[in-house]
Amino acid sequence: MSEELFYKVSFVVQGGKHPGAIITVEKRPQVGDEVIFNGSVFRVIEVMELMPPVGNFMFLHATCEYVREVTDEE
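Residues numbered from 1 in each chain as written. Predicted model: local features only at pLDDT ≥ 70, side-chain atom pairs only at ≥ 80, totals over all residues. Heavy atoms only, no water.

> Is there a simple way to think about a nonpolar patch on the surface in this case?
On the surface, Leu50, Met51 and Val54 cluster together to form a nonpolar patch covering roughly 270 Å² of accessible area. When you line up the elements, Met51 lands in strand β4 (residues 40–54). Using a relative accessible area of 38% as the deciding quantity, one classes Met51 as partly exposed. (Patch = residues over 30% accessible without salt bridge, like charges linked within 9 Å, V, L, I, M, F, W, Y side chains within 5 Å. Areas by Shrake-Rupley, 256 points an atom, 1.4 Å probe, with all protein chains shown as cover. Salt bridge = Lys/Arg side-chain N within 4 Å of Asp/Glu carboxyl O. Helix = DSSP H or I, 4+ residues; strand = E, 2+ residues; numbered from the N terminus. Buried < 20%, exposed > 50% of the residue type's maximum accessible area, 1.4 Å probe, protein only.)

Set out below in C-alpha cells:
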C-alpha cells in the first residue's frame, strides 16, 4: 500500500497587495482552481514543482490572482 501524498504549497499572489501563504493540502492545485486563504479567494494561474517528492510530501509553488473577499456562503 502506497503512502498518501501531501503537498506543501507556496501560494504567491500577483501584484504584491495580498500576502501569500504556505499551506499543506491533500490535493495538488491545478490552474483554474480557486483557493481561500487570508480571508480572500484566489485563482491559481501557474503551478510549478519545486523539487521531487520527499517522503510523502511534494513541494510546489503556485502563482495566484486575487478574485474576491470570502463571502458567508464559503
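> What's the story with the pairing of strand β3 (residues 34–37) in this structure? I'm lost.
Within a regular strand, the side chains alternate between the two sheet faces. What you see with β3 is a clean split: Val35 and Phe37 sit on the buried side and Glu34 and Ile36 on the side with no burial. Direction of pairing for β3 relative to β4: antiparallel, over a ladder of four bridges. Of the residues in β4, the one forming a bridge with Ile36 is Val41. (Pairing = 2+ DSSP bridges.)

> Help me understand the side chain of Ser40, please; the structure alone is not making it clear to me.
The topology assignment puts Ser40 in strand β4. Of note is the side chain of Ser40, whose polar atom sits 3.2 Å from the side chain of Glu69. In this view, Ser40 contacts His18, Val35, Tyr66, Arg68, Glu69 and Val70; residues no more than four positions away in its chain are not counted. (Polar contact = N/O pair within 3.5 Å; in protein donor to acceptor, adjacent residues only side chain to side chain. Contact = heavy atoms within 4.5 Å.)

> It is not clear to me how the sheet that holds strand β2 (residues 21–25) should be interpreted in this structure. Could you clarify?
Neighbouring strands of a sheet are bound in pairs by backbone hydrogen bonds; such pairs are parallel or else antiparallel. Strands sit in the order β2-β1-β5-β4-β3 across an open sheet of five strands; the sheet is mixed. Each edge of the open sheet is held by one strand with a lone partner, namely β2 and β3. On average, each strand axis in the sheet is tilted by 40° relative to the strand beside it, whichever way the strands run. Note: β4 against strand β5 (residues 57–69), eleven bridges, orientation antiparallel. Counted as the bridge partner of Glu49 is Leu60 from β5. (Axes fitted to C-alpha atoms, helices over the stretch in contact; angles between N-to-C directions.)

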